[in-house]
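Report on the structure
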Amino acid sequence: SARTCSFSSVSGRLERDTLPQARAEHKKWLPVLWAKKDPMEERDREQRANVIAGKTFKTVADEWLELNKPGWRNPKHRQQAENTLTTYAHPTIGDTPIAAVTRQDVLGLLQPHWLKIPETMVRLRGRMSRIFDYAEAQGYIEANPMRHKQFDAALPSLPRSKRVTHHRSLPYQDVPAFMAGLQTHIGVAARCLELTILCAVRTTEARLARWQEFDLDK
């Protein structure tokens, strides 16, 4: 009984177990064999389930932030995403296994602030939905709990005074007169706006440009 034996058919690697350990392992997996299932596949499924059980909303959100970090040219975007999640989402569902987060959980953290700080909540809703999409793609959850028409129906419509309204685009017929007027203004801001319009670049690309990015001879 003091002898050791090799038991690797289930563990997938060569191990030296005591005879009682080998018998216990054999007893554990015998029903799986009787059910004509592969013990190694069942072991992998069990390990996967344990990994998923340890995935909280916060750990998955951190994974999503890290994944998208290279695509955010402005570090401010990541900081804003982290701040909204840390302030509003993590205190409520951060430690909850992501597979256990329900639609009601998400609505419960959005609804109290929806009319008070609508722009922040709209952005938070978008970020959280993308986190759940990522979790679904990774196999952590079956489906995104926010991907339902009923979800938006449970949030009140924003009054006009709370809605974000953007400046209207300048009619193209008025652009020559606008540019002529812009050239009469002295200062870096006027030149930056002029450059943005002429080169059709994003405002951050113009504002954060460096001299080595320009070839003035050409």
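Further up the page is the structure itself.
What comes next is a walk through the structure. Starting from 1, residues in each chain are numbered consecutively following that chain's sequence as written. Predicted model: local features are reported for residues with pLDDT of at least 70 only, side-chain atom pairs are reported and counted for 80 or more only, and whole-chain, interface and lining totals are derived from all residues. The side-chain numbers reported here are obtained from all heavy atoms of the structure, hydrogens and water having been left aside.

Digging into the overall build of the chain
A run of H or I in DSSP becomes a helix once it reaches four residues, and a run of E becomes a strand once it reaches two; helices and strands are each numbered from the N terminus. Looking only at helices and strands, the chain has ten helices and two strands in total. Reading the chain from its N terminus to its C terminus gives the helix and strand order β-β-α-α-α-α-α-α-α-α-α-α. Exposure classes here rest on a 1.4 Å probe applied to the protein chains alone. A residue is buried below 20% of its type maximum, exposed above 50%, and partly exposed in between. Taking all 218 residues of the chain together, 26% fall into the buried category. Residue contacts follow a heavy-atom distance rule, with two residues in contact if any of their heavy atoms lie within 4.5 Å. Within the chain, residue pairs in contact and separated by at least 24 positions form 53% of the contacts whose partners lie at least 6 positions apart. Carbon and sulfur atoms form 54% of the exposed surface of the chain, whose accessible area is close to 15,700 Å². To be clear on the numbers: accessible area is Shrake-Rupley with a 1.4 Å probe, and residue cover counts the displayed protein chains and nothing else.

Focus on the nonpolar core
Nonpolar cores are built from buried Ala, Val, Leu, Ile, Met, Phe, Trp, Tyr and Cys residues. Side-chain atoms within 4.5 Å join them into one set. In terms of nonpolar packing, the biggest core is built from 28 residues, with Phe57, Leu85, Ile98, Met128 and Phe132 touching the most fellow members. Those elements that provide at least two residues to this core are α3 (57-68), α4 (75-93), α5 (103-110) and α6 (118-138). When residues of this core are assigned to their parent elements, the largest contribution, seven residues, is made by α6.

As for the pattern of salt bridges
A side chain of one charge can pair with a side chain of the opposite charge if their charged atoms are brought near each other. Every case where a carboxyl oxygen of Asp or Glu lies within 4 Å of a side-chain nitrogen of Lys or Arg is listed as a salt bridge. Tallying each qualifying case throughout the model produces eight salt bridges. Of the charged contacts, one joins Glu119 and Arg123 as a salt bridge, the two residues approaching to 2.9 Å between their closest N and O atoms. Within this pair, Glu119 and its partner Arg123 are both found in helix α6, separated by four residues, close to a single helical turn. Among the residues examined, Arg123 registers a relative accessible area of 42% and is labelled partly exposed. Put simply, Arg191 and Glu194 hold a salt bridge, and the shortest N to O gap is 3.0 Å. A residue pair is termed a helical-turn pair when its members lie 3 or 4 positions apart in one helix, as Arg191 and Glu194 do in helix α9 (residues 188-199) at three residues.

Brief notes about the side chain of Arg78
Residue position: Arg78 is located in helix α4. Definition of a polar contact: a pair of N or O atoms within 3.5 Å, with one able to donate and the other able to accept a hydrogen when the atoms are protein atoms, and with sequence-neighbouring residues admitted only if both atoms are side-chain atoms. Here Leu65 takes part through its backbone oxygen, which lies 3.2 Å from a polar atom of the side chain of Arg78. Arg78 has contacts with Leu65, Glu66, Lys69 and Trp72, leaving out every residue within four places of it along the chain.

Describing unusual backbone geometry
For Ala200, which is not a glycine, the phi torsion comes out positive at approximately 55°. Here Ala200 is to be found in the loop between α9 and α10 (203-207). Using a relative accessible area of 69% as the deciding quantity, one classes Ala200 as exposed.

Things to note about the packing of aromatic side chains
Each pair of aromatic rings is reported with the distance of its centres and the angle of its planes. Only centres within 6.5 Å qualify two rings of Phe, Tyr or Trp (six-membered ring in Trp) as a pair; their planes then separate them into stacked at under 30 degrees, edge-to-face at over 60, and tilted for everything else. One pass over the structure, following the stated rule, counts three aromatic pairs. Measuring from ring centre to ring centre gives 6.4 Å for Tyr134 and Tyr140, while their planes differ by 75°; the resulting arrangement is edge-to-face. Given the relative accessible area of 13%, Tyr134 is considered buried.

Details of a nonpolar patch on the surface
Residues Leu170, Phe178, Leu193 and Ile197 make up a contiguous nonpolar surface patch of about 320 Å² in total accessible area. Topologically, Ile197 is positioned in helix α9. According to the relative accessible area criterion, Ile197 is partly exposed, its value standing at 35%. Only residues above 30% relative accessible area that lack a salt bridge enter a patch, with like-charged residues linked at up to 9 Å and the nonpolar side chains Val, Leu, Ile, Met, Phe, Trp and Tyr linked at up to 5 Å.

So, the side chain of Asn144
Its place among the elements puts Asn144 in the loop between α6 and α7 (149-153). Within the local environment of Asn144, its side chain forms a polar contact with the backbone oxygen of Ser129, the two atoms lying 3.1 Å apart.

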